[in-house]
Structures are given as C-alpha cells and as structure tokens.
Amino acid sequence: MNDGPRDRYAVAIIGGGIVGLFTALHLARAGAGPIAVFERGFLSSGASGRNGGGVRQQWETAATVKLASEAVAAWRRFPGEFGYNPYFRQGGYLFLAESDDEVAQLDRVAAVVRSCGLPILRLPAERVAEYAPGIGLRSLKGGSFLGSDGTLYPFPAIWGVYEELRRLGVEVFLRTPVVGISRGEGGLLQLRLERSTISAPKVVNAAGGWSGEVSRLAGLDVPNVASRHEILATEPMKRFLDPMIIRLSDGLYLSQTMRGELVGGLTVPHPTGTVAGMPSSLAFLRRMGRAVVELFPSLRGLNVLRAWAGYYDDTPDGMPVIGEDPRLPGFYHANGFGGHGFMLSPATTRRVAQAVLGERTDLDPALFSPGRFLGAVRPGSVERLQPG
Amino acid sequence: MGGPTPLSFRFRGREYPIVGERGLAASLTGSHPPILGRSIRYHRPRAPFCGTGFCSQCLVRVNGVPNTRSCTYRPAAGDRVVSENGVPSVEYDLLGLLDALFPRGLDTLHGFRRPAFLRGFYQRVIRGLAGYGRPPTPGASAPVAPASLLDSDVLVIGAGPAGRAASTRLAAAGRSVRLVDRGPLTAPPTGVASHPRTTVTFLPPPSPDRPFPFEGSAVDERGAARLLRSREVVVSTGAYDGGLLFPGNDRPGVLTAEGAIQLASGRGDAPFERALLVGGEDRAAELIDRFGTHIAAAVSLSTFGPAVARRASELEIPLYPRSLILEARGRRRVRSALVRPRGGGPPLSLPVDAILLAHRRLPNVQLFFQPGAEMEWSGEVGAYLPRLSPGGGTSVPGLFAAGEAAGFAAGAESEASGVAAAEALLASASSAAPALRPPTVGTPSPLEGYYTELLGAASGRGKWILCACEDVLLSEIDEANALGYRGLEEVKRYTGVGTGVCQGRFCLPDAILLLSALERRPPAEVGYIRQRPPVLPTPLGAWAELPEAPP
C-alpha cells in the first residue's frame, strides 16, 4: 500500500465506489491483467457510503427491471461469496400514490414488472396499511408492493469487494485523485496523478458524482449533472417498519436499518453541476421532518440523530451510461446511475467488464450507450421512476 | 417546601416524589446510580454516566416516548417511566446468553457470515433485538408549544462566564442580543433576551447576502422549535467532562464529574459511598468540595495541582499521583478499582463503589464545525479547536468564539475571552481588537503517553469498551487497522465508533489518540469525521414545525 502506482496497467479505473470496485473484481476474475483503481477520497467517501441502501426491481423500463432482478440474486449470494454480510433484507418496496397521475404511473410500472415475471402487487389505498402499519396518510390513492425488493447496509459490501480485490492483487489507491487524462504514445491513455503519470490502454470512468468532471478532463462533453441529495437517520429503535417506503409526490424514501435507525431522504435536488461540498440544510430537515410526521404521526417524538448529503450522477433520460465512448477509444463509461448505482451494481458492472474486455453485452445501445447523447444511436425510452 | 409532596411520577410500579428542579435520573438514585437499561450489542448494564444529556447510558421511556435522557429530563406529575431492553428486566437480563452463540454480540455492522444456515436466524434475532426502545406509542408525544422565529443582532450560544460577559458587553453597546443556554440560565444579564433550556441544534454556514446571514435551529426542552436569525453569532458552548479508557469503564458507578454533580442535585449526601476520584486539577478539587469524605481516594494520570493537594490533606484523602487505572471490577456495578503507579510497580485494589472522571474537559465544538470554521488540533486540550484571530473571530465572517469551547480555561480567562470576542465583534475587521492569547496548539496531549503505557500494561481480561453507545471494542480498532483501514473516517465506518447516540463525544477523542499511536502519525493527520447536524438528537416534530424565514 505504501508503494506508488506503477507506470502501466491493463485497465485503470477512476472511482473507488461500488461500481469501480465491482468492475475491477469482474475484470480481475477474467484475468484482464494488472488493474488499478484510483479513488480521490477515502474508501466509501462518495455516494457508495452515503446512500440509503435500497434495492428495488420496480421500474418503468424492462431493461432496468432485468438488471435489478439479477442484482437482487447477486446481493442474496454476497455473504457466501465475500467475507462480509451486507444484511440484504427483502422486506419489499412499498410505493405510495396520491394522485391519478401517480396511480397511472404505478399501473404502468406494474405492467412492466409483471411482464418480467415478478409478482408485484397493486394495492388499493385501504390495503396499504397492511404493509406499513401506523401509516396515516389521508391523501393516499393506492400503492404497489414487491416483496423481493429490499434494503442492505452498503459498507460491508464495499469492504467485502475491497478486501477481495486486494487478495487478487488489484491495486486500489485511496486519496489519489486523477487530475489529467490525455492520449499518450502508442495509443495509450495517460492518467496524470498528483505525483506521477500512469498509462493504460483502457480507462473506466466510474466516478459517480464526479464522472462529468472526469469525462471533461478527457476532453469529452457529457450531459452528466451532479446533484446534491440529503438524507437523515433517526436514533435506533426496535422493529417498526419492514418495507422501504417511497412516496411518489415528493420522492420521499424511508426504511429501517438492521440497527433500528429510520433512514430516509426526499428529493430536494440541488443540481450544482459539479460536486461542491456536502452540507446538510435546514430546508431539508424541515421538509423531511414534515413528510415523516405526515406519514407516521406517532413518530413525532423520535429523534433525528444525524443528517448528511451526497451526490447523484444524473443523466437527461434517467438511464445510466455504460460502454466505450465513440469519441475516445479505450475510454469507458460506467456512470450516470442517478442515485441507483449501488443497488444495480452487481449486474451493471458485469456489463461494464464485458465491454472493457471487448465482449458483446446484452445492453440496448439506445438505452445505455454513451452514443445515445451524440446522435450516434437513436435514444430509447426514458426512466421516470426516479425516487429511492 | 416541607412535608410530602403530592406530585409524583411512576417508575417500575413505584411512585417517586417530584422534588424541585431535580432531574429524573437524580430522582431515581438512592445510595447508588440505578441500572436503567442494557446496551444493545452485549447487553451490558447501563446507568447514568455523563449528566449532560449527551451519552446513551440513561435512556428510558417516558409516557410512551423512547430514548428520553433521564439525566436532563425533569419529571412531571403523572409521568410513567419504564426501562427498555432488558429480558426479563434490565437488572437481571438473560440476553447475554446469546453471546455464547454469537461472540460478536448483536453485530449489526459487519454481518454474520458463517455458518450459513444460521444467517437467516441471526438476521431475524438482530432485527428483533436491535434498537434502544420500542417505537413511540401512537398519540404519545405531548402537545408542542408553538414554534417561533426570533431575530436579533447577535446570537450568543451558551451562558457560562464567556457568554454572559459577551452578552453584557454587546448589550451595553446597543446591540440586540439573544442569549440561549441548555441549562436553567438563572439571572440573565440585563437588557438581553434570554432563552433557558434551549439547545441550538444546527447552525449552517451563513449567507452574507441576507439581512440576517445566520439562520440556526433550536429546540426547547418541551420540543418547541425555534428559528434564530442574527447578523453575528458568538459561540460559547463551554466544555464537557470526557471519558477514560479502561476495562469496566461503562460499569454503573463510573460517572463523569458532571454526571456525579447531576445525580447529587437536591441532596446533601452523595449518590455513592466511597468514590475514586480521577483527576488532579480544578475540576477534581470541585468534586472534593462537593462530596468531601465520600471521596475515598484520588488518582491522577500525571500530578496533583495545589488545589487538590490542599483539600486532600485537610480531609485525609490518599493521593496516587502518576497512576494507571487498570480496571473497574464488579459485575453489575463498580465494587473496586485496580490502579498501578506509572512506570511500574504493584497494582493496588481500592474498594470503591464509584469512579468519578474529572481528568479532562473537552470543548463543545459542533457549532464551529457546522458553519464551516477552520479547525486545528490542540494537543494540550486533546481536541479540535477553531482557528482564532486575536480577538476571537473564527475563519467564518461574523462567527466568534469564546470560553472553554474555544480552548480558554474556565473562569476568569473564559470571561475575558467573552469580552474580547464582543470587542472584536463591535470593532469589526477594520480596527485592531485587543490581543488575547489563543489556546496553545502543537503540544502533545498528556493522554497520548498515558494510553501507550496503559495498553502496554493491559492484562487482556474483560472487554475494553471504546464506545458505550454501540459497544465498540478497542480490539475492533486494531482489527480495522490490521485490515488496512486508515484514518478516522474509514475506521469510524468500519467499527461504528462515533456513530452512536452520543455522536462520538465520548469515543472519538480517544479514538483519535489510539489511531495516532497505531498509525504512527500525529493526531491531526488521523483526521476527524465531519461533524454532522444536529448538535443533539432532536425530535422529528421539532424539525417539522421549524418556522420558515420570510424571503
């Protein structure tokens, strides 16, 4: 760990979050040669250490439902495969609709999810409380529930993959920002670090909220936008809530961790373009307090223990960007996950690795390729089910 | 008062009288601090400890609301108070038997892996047992007093000597001053709007373009929300008594100085019979004044100051200078303490029923971190302090620091720093403020050498609890280090240290020193976790009702 990076790697991955780490793992297992991961902060300092831990399969696009189902299966296997158990708990996801438009959206989602063979339930308003006792929302018009969705604790997943990578000889450099990207001799891509420069034929941009900046370092104009989201945790209490709750109207999400804390946020996006500090705000705490108390009036006396913020990496169509950039051969995108990178990572990173290895992936270019923003392929449908 | 009071509250089927301003924990304390709960992970007995409402060791359920701090909560007539987390009771708890099956206790962090067939069972067990108390009973929260929006020229936070001095000077200069304090705030300075029993919970960075750049949230003891707006802020939030590492440091009977003072409030005698006092300076002398011959012996990690030495000789209290505290013994409460001279020598067992920690004061610095003031490590204090201009200005324009919170000594020096901060505020940046010695930065913490020696002398018996909120063990810090996790941010996430209900107040100061020793680099390089709002755990309802400032 004290040694600096060597001059050359087969693959250099920018970003040591779950997407970068899993990508490195798939590549190492496939024998891709020397691999380095460059993380600008400490382990889990970005969104991988700041998210709410939700894992859902309810989406408007069938392609995402399929990735999500594969991810659910992978999270179930995780404790057997790695030295840690992220406590993936399948307590379900309960979506709440309060308007006719939202009810229609849940109908569309339910149709897609059912077509993928998953037993999603569409609930009339009066049955919602069966899945979340104590809920007191008067404006409720309906809900949907899928029991195999769930929540996990992100950190053990990071530790598990991180420690496995080190056993496999992958070099993970923490506190090592990439400050420049250029085309070097022999077609290699060169990454400038603060103290040295390394080169690799293949580079993966898995920088999450920082991915727009990283692409721009390479001279690539991308539509990724970093937006700050806030989250809070309450003091831990005994079992109260099984599913993750999502309220469509304000994007509220709320679940109870294994430790007993309620953890949740809501969509008050602060699109800053790039990452700029991670402050919490009074406005968020006020809105979140109101939203939780409206949903569960009995929780008014429950203490908020802490609040924090992190960055989503948003794209115009709400779909991730996976694959080689046609403008810069050798530069691969694994970003734009819009707040859903962690949950989908076991599945998406397999495709990233396939792309890096030059294999065909099953991803529809119209939905996932970087080219869809460049007019290279016709863009496909848009994923509108963004919260949680 | 005289005669029995008709006002009482109920605890475990017994009626207790309400006496004056006495807090709930003090009201429940007889000849010893009562066991009020059990820790989650290892089911260790929990009794009042800090006396400030910071720690997690005296949480009880009051009228259906869990996690009420019994040390600061003042009981009302008819209150129903229960303990949580004990099976069948917190005094005689059987859940410890689970530890035979799961040696890592109820580990909600790292996840149970093998044997695989037990995974689901373990997960269900944890899910059933984690958490301090049951969720609030529907309809339990009392009606909340109306929220309010309060403006002033200057907001002064903390009404100790520094805050009072600053308020008085600022009011005399014609500024409108609002003084808030967590405590009763008796006899406020004249011409100052005062808010007793009110905690400022979150002070985000100021917005210089607004008429009131500072906008902070506060909550009073009934849970009523306040939005406080001001042009300038003086933070004089004082200090608290820190903890100390030794096996058994979480046993009932181990109390901080403030914890002991709070438990003894409203009574002439002491909430213990024979206490071991830890500390050699003014705070320790204060406890001798308060508890007299109930102090059976005093140990100092270094030397004894003249104040302690004089009082001890008057009362014939034996003094043990330069000593290591090796262990507190006793199953459900402290029965004895094992001490040993530093540098070597035979251990000595002292038969005591309490250990009073008066060896260090740690500054309350959350309200410097939150608005983004530059902080620097002070080895002398063993904590981070705001970087100060000569008058007491922080790096955040309009934010001033005074008193123990900024590293000044208690009493006269703190008072002078309050006046200096007020003068600097009034003088603005243009003119020279009176120079005042900023706290010393750069000397090593006296505890660094102490812990190195203590861990070298450790016999390895019993659990070393670094964090009593989450039962994080000292050995887990070593484990994280061995696995390659470096710096406080990573180790915090890996071990859970600093993530409990006390928000790291009692574990992080020690964790920084331990990591510094393990990683062989100065404490300042080990880093610090971002201080996350709120300053104290605050009800969801108080956030929901927080007024919105007019645009």
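Please read these numbers as outputs of a predicted model, since none were measured by experiment. Residue positions are given per chain, counted from 1 along the sequence in the order it is written. Chain letters start at A and ligand numbers start at 1, both assigned in the order the entries are written. For this predicted model, a pLDDT threshold of at least 70 governs which residues receive local features, and a threshold of 80 or more governs which side-chain atom pairs are given and counted, while totals over whole chains, interfaces and linings are taken from all residues. Computation of side-chain values: all heavy atoms of the structure, hydrogens and water removed.

(A) A look at the confidence of the model for chain B. All names here are of chain B. On a scale of 0 to 100, pLDDT captures the predictor's confidence in every residue. With 95% of its residues at a pLDDT of 70 or more, chain B shows a mean pLDDT of 91. In this analysis, two residues are considered to be in contact whenever any of their non-hydrogen atoms come within 4.5 Å of each other. For residues 429–436, every residue scores under 50 in pLDDT, and the model assigns this stretch 11 contacts once sequence neighbours within four places are set aside. At the level of chain-chain contacts, confidence expressed as ipTM amounts to 0.94, with global pTM at 0.94.

(B) Region of interest: the domain arrangement of chain A. Residue and element names in this part refer to chain A. What marks off one domain from the next here is an automatic or database domain assignment. Taken domain by domain, chain A consists of domain 1 (1–89 + 150–224 + 315–388) and domain 2 (90–149 + 225–314). For domain 1 and domain 2, the distance between their C-alpha centroids amounts to 26 Å. Contact residues are listed per partner, giving 41 residues for domain 1 and 42 residues for domain 2. Of the roughly 3,400 Å² buried between domain 1 and domain 2, counting both surfaces, carbon and sulfur atoms make up 57%. The buried area of a pairing is the accessible area, by a 1.4 Å probe, that goes missing from both parts when the two are put together, added over both. Its largest share of buried area at the contact with domain 2, domain 1 owes to Arg50, Gln58 and Arg89, together 24% of the area lost on that side. Salt bridges are defined by distance alone: a side-chain nitrogen of Lys or Arg within 4 Å of a carboxyl oxygen of Asp or Glu. Glutamate 60 serves as the salt-bridge partner of arginine 108, at 3.5 Å between the closest nitrogen and oxygen. Within 3.5 Å is the distance limit for a polar contact, defined as a pair of N or O atoms, with the added protein rule that one can donate a hydrogen and the other accept it, and that residues adjacent in sequence qualify only through two side-chain atoms. Linking domain 1 with domain 2 are 19 residue pairs in polar contact (both at pLDDT 80 or more). Where the side of domain 1 that touches domain 2 is concerned, the elements lending two or more residues are β3 (54–55), α2 (62–81), β7 (150–151) and α6 (211–217). Comment: elements are numbered from the N terminus, with helices defined as DSSP H or I runs of at least four residues and strands as E runs of at least two.

(C) Representation of the state of the cysteines within the structure. Residue and element names in this part refer to chain B. By definition, disulfides here are pairs of cysteine sulfur atoms that lie within 2.5 Å. Summed over the entire model, instances satisfying the criterion amount to zero disulfides over all chains. Cysteine 55 provides the cysteine sulfur closest to cysteine 50, a residue in no disulfide bond, and the two sulfurs are 3.7 Å apart. Cysteine 502 takes part in no disulfide bond, and the closest cysteine sulfur to it belongs to cysteine 469, at a distance of 3.8 Å. Note on exposure labels: buried denotes an accessible area under 20% of the residue type's maximum, exposed denotes more than 50%, and partly exposed covers the range between, all computed with a 1.4 Å probe on protein chains only. Among the residues examined, cysteine 502 registers a relative accessible area of 3% and is labelled buried.

(D) Here's a closer look at the packing of aromatic side chains. Residues and elements named next belong to chain B. Any two of the Phe, Tyr and Trp rings considered here, Trp counted by its six-membered ring, make a pair once their centres fall within 6.5 Å; the pair's planes then place it as stacked at under 30 degrees, edge-to-face at over 60, or tilted in between. Overall, the coordinates contain 32 aromatic pairs over all chains when judged by the stated rule. Judged by centre distance (5.5 Å) and plane angle (85 degrees), the rings of phenylalanine 102 and phenylalanine 112 are edge-to-face. Residue phenylalanine 102 is found in the loop between α2 (98–101) and α3 (119–129), and its partner phenylalanine 112 is found in the loop between α2 and α3; the two are separated by 10 residues along the sequence. Look at phenylalanine 102 and you get buried, because its relative accessible area is 2%. Classification of phenylalanine 112 by relative accessible area gives buried; the value is 13%. Remark: a charge is flagged as sitting over a ring if the NZ atom of Lys or the CZ atom of Arg is within 6 Å of the ring centre and within 35 degrees of the ring normal. Positioned over the ring face of phenylalanine 54 is arginine 505, at 4.0 Å from the centre of the ring.

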